[in-house]
Amino acid sequence: MTAGLPRFLAVDWNGTVVPWFGEAAYPDALAVLHELRAQGVHIAVVSHATPREISDDVARVGLEADEVLGVGAKAPSLIRLADLWGDGVMIGDSPQDSRAAIAAALPFIQASLARVAHTSGRTWWCGILTAVSGAIQCRAGFPGTSTWNLLCLSAFSVS
Ligand SMILES: [Mg+2]
């Protein structure tokens, strides 16, 4: 486990790793997730989908994740992950993702990849390694869910 990294990363799928089921992953998304996993971060894909639907799509793009969860609501899964692993970060693109992260008291990093040039995915995912450790530092320095969620959101933006 590398210092400064969370114990787990909960990752939304559509709009975050791929634009949508069946489409190619954003540039560097898989490499960054594999790098975090190699550094000991538990990677959990949490998607609003059926278990079969999300498992098939994760396998299709070749992402090696520790857990792949197809759920109706994400908050219970995030709360379970937080209970099990402690410090974690949620990455997602939607207000529902943000609300689920807040429900589980997790820092939230917002992907803003939809409808932007494909190369922006590379910039965004390359910055995730820094953003994830930054989110943990935000949390340590500024307790209080709303405060550190806002700080974590502002700590990183697509360039
Ligand atoms: Mg999404």
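Structure: see above.
The text that follows walks through the structure, step by step, so that each part is easy to find. (Residues numbered from 1 in each chain as written. Predicted model: local features only at pLDDT ≥ 70, side-chain atom pairs only at ≥ 80, totals over all residues.)

### Side note on the packing of helix α3 (residues 75-85) against helix α4 (residues 95-103)
For step 1, the next point in the chain: Relative orientation of the contacting elements α3 and α4 amounts to 40 degrees, with a least axis distance of 8 Å. In terms of axis orientation, α3 runs oblique to α4. With respect to the hand of their crossing, α3 and α4 are arranged in right-handed fashion. Seen from α3, the contacting residues are Ala75, Leu78 and Ile79; seen from α4, they are Ala100, Ala101 and Ala103.
For step 2, the next point in the chain: Split into classes, the residues belonging to the contact of α3 with α4 amount to 6 nonpolar, no polar and no charged. (Axes fitted to C-alpha atoms, helices over the stretch in contact; angles between N-to-C directions. Helix = DSSP H or I, 4+ residues; strand = E, 2+ residues; numbered from the N terminus. Parallel < 35°, antiparallel > 145°, perpendicular 65-115°, else oblique. Left-handed = near helix turned anticlockwise from the far one by under 90°. Contact = placed C-beta atoms within 7 Å. Nonpolar A, V, L, I, M, F, W, Y, C, P; charged D, E, K, R; others polar.)

### Digging into the nonpolar core
For step 1, the next point in the chain: Membership of the largest hydrophobic core comes to 43 residues, with the highest contact counts inside it found for Leu9, Ala10, Val11, Ala44, Val45, Leu78 and Met90.
For step 2, the next point in the chain: It is helix α5 (residues 119-141) that contributes the most residues to this core, 5 residues altogether.
For step 3, the next point in the chain: If sequence neighbours within four positions are ignored, Val11 has contacts with Thr16, Val17, Leu33, Ile43, Ala44, Val45, Val46 and Ile91. (Core = buried A, V, L, I, M, F, W, Y, C linked by C-beta atoms within 7 Å. Buried ≥ 20, exposed ≤ 12 C-beta atoms within 10 Å, placed from the backbone.)

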